[in-house]
Amino acid sequence: LARLSTYFPVYYSDLVVRKVGPFLVKTQVMKSSSLILLSGFFFYKALMLIGLYVLFRILDKKEIPLAYDIIIAYALIVIAFFSRSFAEFFHFTALILLGFISWRYLLLYKENHKVVTKLLFLGFFIITLSQGVFILTGFDRIFFVFADVIQLLGYIVLLTSLVHII
C-alpha cells in the first residue's frame, strides 16, 4: 500500500507574484508535492526489508539476542533511507534477504517434499531474481520493466502456494 500511494500526486495552489516593470503580476499556479512520493517509497522500502528480515528470522529459528534484531532493523531502515539516492542499496539488500529465505525453503523442501513448500521456494527464488534485475536498472531503464514482470510472476507463484494451502 505504501508503494501504491506514491502514484497519487498531491497538488496545491500557490500564488506567484512577479514584478514586471512598474506592475506587480499575480498568478495562481498548481504545484505538485513530492512529500507523499518520497515518504511512500521510504515506508515501502523500510517495511519490505524489515518484513523480509522477520520472515528470515522465523524460518531460521536460531536464538539471537533482541539487541541484534534491533540493530539489524535500524540498519535496514538506514538502508531504506539512503536508497532514495542509490536504489541499488535497497535491491541488493532485498536480494540477500530473499536469497536466504529461498535457501531456507529449498532446504525445507528437501526435507518434506511438499508441493506447497516447492511453490514457496520457487516464488521467493523468482522474486530474488527480480531483485537482481532491478540492480541492472542503472544501466538501462528497460530492466525495470523486466524486473517488475519477473517480480509479478514470483508473487503469482506465492499466491498459488496460498491457494494450495486453503
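Above this text sits the structure in question.
Attention here is on the structure that accompanies the text. (Residues numbered from 1 in each chain as written. Predicted model: local features only at pLDDT ≥ 70, side-chain atom pairs only at ≥ 80, totals over all residues. Heavy atoms only, no water.)

### Notes on the packing of aromatic side chains
- Scanning the model with the defined rule gives nine aromatic pairs in all.
- Relative to Phe43, the ring of Phe42 has its centre 5.3 Å away and its plane inclined at 65 degrees; by these criteria the two rings are edge-to-face.
- Overall, Phe42 belongs to the partly exposed group, its relative accessible area being 23%.
- In textbook terms, an aromatic cluster arises when at least three aromatic residues are bridged by ring pairs, as seen for Phe42, Phe43, Phe81 and Phe82. (Phe/Tyr/Trp six-rings, centres within 6.5 Å; stacked < 30°, edge-to-face > 60°. Buried < 20%, exposed > 50% of the residue type's maximum accessible area, 1.4 Å probe, protein only.)

### Concerning unusual backbone geometry
- Its identity as a non-glycine residue notwithstanding, Lys61 has a phi of 65 degrees, on the positive side.
- Of note, Lys61 is situated in the loop between α2 (35-60) and α3 (66-82).
- Look at Lys61 and you get exposed, because its relative accessible area is 70%.
- Even without being a glycine, His113 presents a positive backbone phi close to 50 degrees. (Helix = DSSP H or I, 4+ residues; strand = E, 2+ residues; numbered from the N terminus.)

### Comments concerning the nonpolar core
- The biggest cluster of nonpolar side chains holds 20 residues, and the ones touching the most others in it are Leu49, Leu52, Leu97, Leu98, Ile101, Tyr105 and Phe124.
- For this core, the secondary-structure elements that each account for two or more residues are α2, α4 (87-112) and α5 (115-135).
- Setting aside residues no more than four positions away along its own chain, Leu52 makes contact with Ala94, Leu97, Leu98 and Ile101. (Core = buried A, V, L, I, M, F, W, Y, C linked by side-chain atoms within 4.5 Å. Contact = heavy atoms within 4.5 Å.)

### Some points on the environment of Leu152
- Tracing the backbone through its elements, the reader meets Leu152 in helix α6 (residues 142-165).
- Looking at Leu152, the relative accessible area reads 51%, which means it is exposed.
- In the structure, Leu152 is positioned 29 residues away from Gly123 in sequence and 9.7 Å away in space, judged by C-alpha atoms.

### Digging into the packing of α5 against α6
- Packing of α5 against α6 leaves a shortest axis separation of 8 Å and a crossing angle of 165 degrees. With respect to their mutual orientation, α5 and α6 come out roughly antiparallel. Read as a crossing pair, α5 and α6 show a hand that is left-handed.
- In terms of residue class, the contact of α5 with α6 is made up of 21 nonpolar, eight polar and one charged. (Axes fitted to C-alpha atoms, helices over the stretch in contact; angles between N-to-C directions. Parallel < 35°, antiparallel > 145°, perpendicular 65-115°, else oblique. Left-handed = near helix turned anticlockwise from the far one by under 90°. Nonpolar A, V, L, I, M, F, W, Y, C, P; charged D, E, K, R; others polar.)

### So, the environment of Val157
- Within the secondary structure layout, Val157 lies in helix α6.
- Taking the C-alpha atoms as reference, Val157 lies 6.3 Å from Leu119; in sequence the two are 38 residues apart.
- Residue contacts for Val157: discarding those within four places in its chain leaves Leu119, Leu122, Gly123 and Ile126.

### Points about a nonpolar patch on the surface
- Together, Ile142, Phe144, Val145, Phe146, Val149, Leu152, Leu153 and Ile156 make up a nonpolar patch on the protein surface, roughly 700 Å² of accessible area in all.
- In this fold, Ile156 is placed in helix α6.
- When its relative accessible area of 42% is taken as the criterion, Ile156 is described as partly exposed. (Patch = residues over 30% accessible without salt bridge, like charges linked within 9 Å, V, L, I, M, F, W, Y side chains within 5 Å. Areas by Shrake-Rupley, 256 points an atom, 1.4 Å probe, with all protein chains shown as cover. Salt bridge = Lys/Arg side-chain N within 4 Å of Asp/Glu carboxyl O.)

### Focus on α3
- When the terminal C-alpha atoms of α3 are compared, their 25 Å separation across 17 residues agrees well with the 24 Å that a helix rising 1.5 Å per residue should span.
- Residues of α3 that are buried: Asp69, Leu76 and Ala80. Take α3 and look down its axis: the buried residues cluster within an arc of 40 degrees, on one side only. Those residues of α3 that are exposed and aimed more than 90 degrees away from the buried face are Ile70, Ile71, Tyr74 and Phe81. (Expected span 1.5 Å × (residues − 1). Arc of directions from axis to C-beta.)

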